[in-house]
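# Coordinate inspection notes
Each chain is listed here by its residues.
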Amino acid sequence: MKDHFGVLAVALLIATVGAQDASSSYLLSGHSTPMSSSLAHQFFNLASQHAQLANQTGTQVSRISREGPYDDDQCDRDINRIRDAIDNLEEWALEFPDTWGRMPMGLFWGHTISMGQYEECVAASTTYGDEIRGQYCLARLNITTFYDSVKKRGQEFGRISYKQTDPEFFELGICIPSTCSPQKSDKLLKYVVSHFYGQDVTQSTFEMVTETRCKYDAPIELRGIDIFAIIFFSTIVFFMVASSVYDYIQTRNKAPKQPLLVAFSVLTNAPKIFTVKKVNNPNVIHCLNGLRCFSMMWVVFGHGYMTIYDLPHINRNAFYTWLETPYSMLVQNGSLCVDTFFFMSGLLMCWGAFRELERTKGKLNIPMMYFHRYIRLTPVVAVVVLYIMSLYKYSGAGPMWFKLGTQDKRCEDTWWATLIYIQNYAFPYSICISQSWYLAVDTQLYFLSPLFLIPLWKWGKKALVPIVIFLIICLGGTFATFMLNDFTLFRVQDDHVDLRQRLTYYPTHTRIPTWLIGVIFGYFLFTRNRGRQIPMTKPLVLTGWFVACGTMLACMWGPYWRILPSTPDSPLIEGAFFEPLSRTSWALSIGWIVWACYNGHGGLVNDFLSWSFFTGFSRLTYCMYVIHRIVQLVNAARLQTDTHFSNYDAILRWWHDFGITLTASIFATLAFEAPILGIEKAIFGKPAPKKPTPGELAKSAPVADAPAPAPAPAPTSATDPAPVETKAEITPASNSEENPSKA
């Protein structure tokens, strides 16, 4: 008989009560309208009876207190009053059961949530007498007994079917008086459920209603950090307005401007972001802008699918078949775009440092190099951390906010590690800004860079031998980590994804090979190739493009056949080889693209990647990288209705997230990144690096039969206040437009 009660657990989700005669008010399937037969209505009847019984037997639920008007005795009186008003068909009372979740659609396709009407619930209130306000809770109902009794029709999803486990809980939105504590509500809901479906559906140790998943409309009480954040952001806006007004007045009067006073000026900073001047400069690699922008779009695309997985899809199980499609490889192997950034980071690090060493006759001011890096990288990160810890909690509300709007909890104890860029090692399981692990790795590599740059400058190719040996050792470390921990070829197949991320994805020592390839490439490009184009025969060029494109396709879709249900499982050694070698192979292929475009062998590819549109866009990529994940989480957590999973829906959401991220990044660049660069330049007054003469270029690139380089353009005026350069020039500075590693 208990099995039947278990089966009836799903009937709870249908929200109907048996034993009703055919003449009762029962429309359609009986769950889509607030009729007296629904579970929501019966809750108030039975909860009222339970309160009376508890008072008679002396088993009243113990009281608790927290923020809010919790009073269990008043809760009983409010429930009685709502029950009486429902019987009298008073609209204010009918709103309480009307907001409850109803029967799920697509339960066997993974749709295990019925959110109800959150906003109607928290707005519900009496129209006379003592006020009763609604409190929304997202309850969890145990449906394991029901699913255990279902006779499965066989294996449907092949390789990754073990990831598609039977659901344990169904999430149901309920609306109760705000005076009811979560413990009281849990007790009442268990009583009602067990009344209809048996005790085996409601284990005494399992909490259906918890405090973290309940919300009522209470007055906002600003904390100290909230007030500070409001004052801080208001001050920044004031600085922007005041600086812009000063800039406008000085420009109109043709008067000189103080650099510090125009640091926040939108009139000064905006043109430096959006104005593009194509220059013919040996220190400019234009194709990097296109690579940077496409990689940034790919990052947003991949993280978007990570967020989409957690949405309340009516066809959630379609995700498991989607994983077996070729299209899904763009997401499953999407982490390769990170290796593009690491390669460009190493390249620009070497090129920029060598230019500085060339300018200073072999002297590198390492402390100032670190200081400039930190002061240019940190303000935007610090602002996002401040927002998460303060105003983020006010950015949304609703059922999904209980599930996804928890980023501020991750920052409570880990924010400091993010600001000193050690979060990838200190808190790999709870990083404050989840994607900032990359900034930590890149910053740590920046601090280690003198160990590689100085030997390369002093000893040239002789220093490459120990560097390559170290690179191979790091590759071997990743291989050994995979073998020792039994990590699989595909991340979605792994039973220890969090451990895999901590040991092979976040650590700096597993990312350094790709970065070192960029350093080595930058060394040869600077010392052998700068300021001239190396000729190649057409067959060699075509061969290079064929090998590079083939390698990238192999890295992306090569392992696809292994995820198909009809394919045998891959041996562990296959994944252990693929993970490190695919990263380095991808970086080498990107290296060919950069080299071919720089030397005039890129054709249409170079024309497209060097498009001036990407130059302006690339100046926003750093802020986009830091901001985009928060935008995605806020947009997802604010949902209060069901969604549908498909590639088309994912692309629509990508455009949605991308547009908001782009808009927010423009503001962040104008408000934080560009002003910091202007202030830094005004204080330190770093001179513009001297443009190399044709003779110096010839000395730095001693290759036989090399064509004479074109004359370098005139040096940029050192008096130009340019916190954001108007060209894609490669310098040691690590601001967003000059260092794509920050993207």
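The notes below deal with the structure included here.

## Remarks on the nonpolar core
Membership of the largest hydrophobic core comes to 181 residues, with the highest contact counts inside it found for Trp100, Leu189, Trp437 and Val594. The element contributing the most residues to this core is helix α13 (residues 336–359), with 15 residues. Within the second largest apolar cluster, 5 residues are counted, among which are Met329, Phe490, Tyr560 and Ile563.

## Looking at the sheet that holds strand β1 (residues 113–114)
With mixed pairing, the 4 strands of this open sheet are ordered in space as β1-β3-β2-β4. Sheet topology places β1 and β4 (214–216) at the edges, where each strand pairs with a single neighbour.

## So, the packing of aromatic side chains
Counted under the stated rule, the structure contains 67 aromatic pairs. With 6.2 Å between their ring centres and 80 degrees between their planes, Trp351 and Tyr598 make a pair best called edge-to-face. Note that Trp351 is positioned in helix α13 and Tyr598 in helix α25 (residues 572–598), a separation of 247 residues in sequence. Across the pair, exposure class does not vary: Trp351 and Tyr598 are buried alike. Every member of this aromatic cluster is reached through a ring pair, and the members are Phe294, Phe608, Trp611, Phe613, Phe614, Phe617, Trp654, Trp655 and Phe658. Taking the ring centre of Phe169 as reference, the NZ or CZ of Arg140 above it sits at 4.3 Å. The cationic tip of Arg511 hangs over the ring face of Tyr505; the distance from NZ or CZ to the ring centre is 4.4 Å.

## Some words on unusual backbone geometry
Phi at Leu89 takes a positive value of approximately 55 degrees, unusual for a residue other than glycine. Tracing the sequence through the fold places Leu89 in the loop between α3 (72–87) and α4 (91–98). Given a relative accessible area of 65%, Leu89 falls into the exposed group. In this model, Lys361 sits at a positive phi of 60 degrees, which is unusual for a non-glycine residue. The residue Lys361 is located in the loop between α13 and α14 (366–389) in this model. Judged by relative accessible area, which is 75%, Lys361 ranks as exposed.

## Details of the state of the cysteines
Applying the stated criterion across every chain yields a total of 4 disulfides. Two residues share a disulfide in this structure: Cys121 and Cys175, whose sulfurs sit 2.2 Å from each other. Between Cys121 and Cys175, the S-S torsion sits near 95 degrees, and that sign places the bridge as right-handed. Of this pair, Cys121 sits in helix α5 (residues 118–123) while Cys175 sits in strand β3 (residues 169–177), and the two are 54 residues apart along the sequence. Assessed through its relative accessible area of 0%, Cys121 is described here as buried.

## A few points about the packing of helix α10 (residues 287–308) against α25
At a minimum axis distance of 9 Å, the contact between α10 and α25 shows a crossing angle of 145 degrees. In this structure, α10 uses Cys287, Leu288, Leu291 and Trp298 to contact α25, whose residues at the interface are Trp586, Ile590, Val594 and Cys597. Of the residues assigned to the contact of α10 with α25, the class counts are 8 nonpolar, no polar and no charged.

## Focus on helix α22 (residues 497–505)
Turning to α22, its buried residues are Arg500, Gln501, Thr504 and Tyr505. Across the axial projection of α22, the buried residues extend over an arc of 105 degrees, all falling on one side. At its buried positions, α22 is contacted by α13, α19 (437–448), α21 (464–485), α23 (508–529) and α25.

## Remarks on the pattern of salt bridges
For the structure on display, the rule yields 19 salt bridges. Note that Asp98 and Arg102 form a salt bridge whose closest N and O atoms lie 3.9 Å from each other. Take Arg102: its relative accessible area is 14%, and that puts it in the buried class. Notably, a salt bridge pairs Glu171 with Lys403, separated by 3.0 Å at the nearest N-O pair. On the criterion of sequence distance, the pair formed by Glu171 in strand β3 and Lys403 in helix α15 (residues 399–404) is long-range, its members being 232 residues apart. We classify Lys403 as partly exposed; its relative accessible area is 30%.

Rules of the game
Residues numbered from 1 in each chain as written. Predicted model: local features only at pLDDT ≥ 70, side-chain atom pairs only at ≥ 80, totals over all residues. Heavy atoms only, no water. Core = buried A, V, L, I, M, F, W, Y, C linked by side-chain atoms within 4.5 Å. Buried < 20%, exposed > 50% of the residue type's maximum accessible area, 1.4 Å probe, protein only. Helix = DSSP H or I, 4+ residues; strand = E, 2+ residues; numbered from the N terminus. Pairing = 2+ DSSP bridges. Phe/Tyr/Trp six-rings, centres within 6.5 Å; stacked < 30°, edge-to-face > 60°. Lys NZ or Arg CZ within 6 Å of the ring centre and 35° of its normal. Disulfide = S-S within 2.5 Å. Axes fitted to C-alpha atoms, helices over the stretch in contact; angles between N-to-C directions. Contact = heavy atoms within 4.5 Å. Nonpolar A, V, L, I, M, F, W, Y, C, P; charged D, E, K, R; others polar. Arc of directions from axis to C-beta. Salt bridge = Lys/Arg side-chain N within 4 Å of Asp/Glu carboxyl O.

All we've got here are geometric facts, nothing functional implied.
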